[in-house]
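Working through the structure, step by step
Spelled out from the first residue to the last, the chains are:
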Amino acid sequence: MSANHRLAGLVLAAGLFAATSAYAAEVAGVKLDDSQRVAGSELLLNGAGLRSKLFIKLYVAALYLPQKATGAAAVLDAPGPRRMQLRLLREIGADTLHGALEEGLANNNTAVELDAIKTQSEQFGALMKGLGKVREGDSVTLDFTADGVAVSLNGEVRGKVAGVAFGKALLKVWLGEKPADAALKKALLGN
């Protein structure tokens, strides 16, 4: 084999490695980036998993953090930016998606905590309903920063809800004591 052929083979192998190394994981056919940028910070994929209900695959969730964490408390109390990305595997109406999130908030927060974030919860509800019907392949992104929670659909920011307390309460939907899906919670925490 000539030096040129070996060099071409090495270049091809390096190119294939570079093309596949940008993805850290694949869940239910959804390829997930190993890192993403939020509020000027590089976030790493902490974990990802499938949310299903009654054997119906709903979405793939991916949690991005500044540094890896295996405990829910560390994620909930982290001051830095965090991202929860939901890639839809089926069409879901905005009311259904919002209802599931409201149920998750109620299941994982006390009445006092819910009362403290009532205005933000209503604002978030309006944002979610404003998304309309989310379709298979769509990506709903929730960016948690010191300013609050930004909601995006397919990379387009749709609005923001101010308040760190609201962000923590919302993350409990997936990482709280009574998460929407216990197996998904484990996967998001890299367990």
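Here we summarise the structure given alongside this text. (Residues numbered from 1 in each chain as written. Predicted model: local features only at pLDDT ≥ 70, side-chain atom pairs only at ≥ 80, totals over all residues. Heavy atoms only, no water.)

1. Description of the packing of aromatic side chains
Applying the stated criterion to the full structure yields one aromatic pair. Taking the centre distance of 5.3 Å and the plane angle of 55° together, the rings of F124 and F166 count as tilted. Taken together, the residues F124 in helix 5 (residues 118-130) and F166 in helix 6 (residues 164-175) connect sequence positions 42 residues apart. (Phe/Tyr/Trp six-rings, centres within 6.5 Å; stacked < 30°, edge-to-face > 60°. Helix = DSSP H or I, 4+ residues; strand = E, 2+ residues; numbered from the N terminus.)

2. Looking at the sheet that holds strand 5 (residues 56-65)
Taken together, seven strands build an open sheet; the order of strands is 3-4-5-6-7-8-9 and the sheet is antiparallel. A single partner strand is all that each edge strand has here, and the edge strands are strand 3 (35-38) and strand 9 (156-162). Strand-to-strand twist of the sheet, defined as the mean angle between neighbouring strand axes without regard to direction, takes the value 25°. Of the strands in this sheet, strand 7 (139-145), strand 8 (148-153) and strand 9 touch helix 5, which is tilted by about 170° from strand 9. Along the sheet, helix 6 makes contact with strand 5, strand 6 (82-88), strand 7, strand 8 and strand 9, crossing strand 7 at roughly 130°. (Pairing = 2+ DSSP bridges. Axes fitted to C-alpha atoms, helices over the stretch in contact; angles between N-to-C directions. Contact = heavy atoms within 4.5 Å.)

3. A few points about the pattern of salt bridges
Applying the stated criterion across every chain yields a total of nine salt bridges. Its salt-bridge partner being E91, residue R135 comes within 2.9 Å of it at the nearest N-O pair. One end of the pair, R135, is in the loop between helix 5 and strand 7; the other, E91, is in the loop between strand 6 and helix 3 (94-108), with 44 residues separating them in the sequence. Relative accessible area serves as the criterion here: at 41%, E91 is assigned to the partly exposed category. (Salt bridge = Lys/Arg side-chain N within 4 Å of Asp/Glu carboxyl O. Buried < 20%, exposed > 50% of the residue type's maximum accessible area, 1.4 Å probe, protein only.)

Any functional reading would require information that these geometric values do not contain.
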